[in-house]
Amino acid sequence: KAGVTQTPRYLIKTRGQQVTLSCSPISGHRSVSWYQQTPGQGLQFLFEYFSETQRNKGNFPGRFSGRQFSNSRSEMNVSTLELGDSALYLCASSLKQGAYEQYFGPGTRLTVT
Amino acid sequence: SQQGEEDPQALSIQEGENATMNCSYKTSINNLQWYRQNSGRGLVHLILIRSNEREKHSGRLRVTLDTSKKSSSLLITASRAADTASYFCATSDQAGTALIFGKGTTLSVSS
């Protein structure tokens, strides 16, 4: 079974721009969660989608948004990028909604200059 | 918000030795999980232990959970160089709605 895939793997953007990251979950997984990882804050939960609905959201500003499609693929969007948004963005899929075993993708490394 | 805190932050051992990492958390949990991350890559799920379990094994891994002390430990026996990675514990709230990760323990195993 193919694992979780994320595209692109690396991205360089300028402050003020917006960015869209994509995640394809493991086949059959309906839950997709997004995390931001930085050296200072560690791994922080952004949001979880299950059956195309956002089920849970972390403590991030409204500039961070996402959506999930009927095939469970998910996208995450960050608008008006700030330098502090530079991070590794990880997507994880799971069979069940909530805090169960999660399968992570390799991540998208976003650099904001 | 609750968060697992791993201890130590960094650990260096020789191949063949055992490695023990600890995790403490603040509030009641539904389950606790351990993940491994190799240098800037995605995380790999190692083991999930439910709040009503006290010990779980998977290959060379042994996880214990003490809910009275709000702590867990991960033991890797007979470490190998390939075990070099960061190890994170992740806890859920009692409703099991989201995973909260600790800052991790960086393990270095030298041959």
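A quick note: this is a predicted structure, and the numbers were derived from the prediction, not measured.

Caption draft 1: Structural view of the nonpolar core. Residue and element names in this part refer to chain B. One finds Met21, Leu32, Trp34, Leu74, Ile76, Tyr87 and Leu107 to be the most contacted residues of the largest nonpolar core, which totals 22 residues. Contributions of two or more residues to this core are made by strand 2 (10-14), strand 3 (19-24), strand 4 (31-37), strand 5 (43-50), strand 7 (61-66), strand 8 (71-76), strand 9 (85-92) and strand 11 (105-110). The contacts of Met21, once residues within four sequence positions are left out, are Asp7, Trp34, Ser72, Ser73, Leu74, Ile76, Tyr87, Thr105 and Leu107.

Caption draft 2: Structural context of the state of the cysteines. Enumeration over the complete set of coordinates arrives at 2 disulfides over all chains. A sulfur-sulfur distance of 1.7 Å marks the disulfide that ties A:Cys23 to A:Cys91. The chirality of the disulfide connecting A:Cys23 with A:Cys91 is left-handed, given an S-S dihedral of about -50 degrees. Remark: A:Cys91 occurs in strand 9 (residues 87-94) and A:Cys23 occurs in strand 3 (residues 19-24); sequence separation between them is 68 residues. What pairs with B:Cys23 in a disulfide is B:Cys89, and their sulfur atoms sit 2.0 Å apart. Sign of the S-S torsion, about 65 degrees for the bond between B:Cys23 and B:Cys89, identifies this disulfide as right-handed. Pair noted here: B:Cys23 is in strand 3 and B:Cys89 is in strand 9, with a separation of 66 residues, a long-range link. Given the relative accessible area of 1%, B:Cys23 is considered buried.

Caption draft 3: Structural context of the packing of aromatic side chains. All names here are of chain A. Per the stated rule, a full pass over the model turns up 8 aromatic pairs over all chains. A centroid spacing of 5.7 Å and a plane angle of 75 degrees characterise the contact between Phe47 and Tyr49, whose relative ring orientation is edge-to-face. Overall, the relative accessible area of 1% leaves Phe47 in the buried class. Across the ring face of Tyr100, the terminal group of Lys96 is positioned such that the distance to the ring centre comes to 4.5 Å.

Caption draft 4: Representation of the pattern of salt bridges within the structure. Throughout the structure, instances matching the rule amount to 7 salt bridges over all chains. Note that A:Glu75 and A:Arg67 form a salt bridge whose closest N and O atoms lie 3.2 Å from each other. Classification of A:Glu75 by relative accessible area gives buried; the value is 16%. In this structure, B:Glu53 and B:Lys56 form a salt bridge, with 3.9 Å as the shortest nitrogen-oxygen distance. A single salt-bridge network, built from bridges that share partners, covers A:Arg63, A:Glu82 and A:Asp85.

Caption draft 5: Main features of unusual backbone geometry. At the junction of A:Thr7 and A:Pro8, the peptide bond is cis and its omega measures out at -10 degrees in the coordinates. Residue position: A:Pro8 is located in the loop between strand 1 (5-7) and strand 2 (10-13). Here A:Ser51, not a glycine, exhibits a phi torsion of approximately 50 degrees, which is positive. Among the secondary structure elements, A:Ser51 is positioned in the loop between strand 5 (42-50) and strand 6 (53-57). Non-glycine residue B:Ala78 carries a positive phi angle of around 45 degrees. Tracing the sequence through the fold places B:Ala78 in the loop between strand 8 and strand 9.

Analysis parameters
Residues numbered from 1 in each chain as written. Chains lettered and ligands numbered in written order. Predicted model: local features only at pLDDT ≥ 70, side-chain atom pairs only at ≥ 80, totals over all residues. Heavy atoms only, no water. Core = buried A, V, L, I, M, F, W, Y, C linked by side-chain atoms within 4.5 Å. Buried < 20%, exposed > 50% of the residue type's maximum accessible area, 1.4 Å probe, protein only. Helix = DSSP H or I, 4+ residues; strand = E, 2+ residues; numbered from the N terminus. Contact = heavy atoms within 4.5 Å. Disulfide = S-S within 2.5 Å. Phe/Tyr/Trp six-rings, centres within 6.5 Å; stacked < 30°, edge-to-face > 60°. Lys NZ or Arg CZ within 6 Å of the ring centre and 35° of its normal. Salt bridge = Lys/Arg side-chain N within 4 Å of Asp/Glu carboxyl O.

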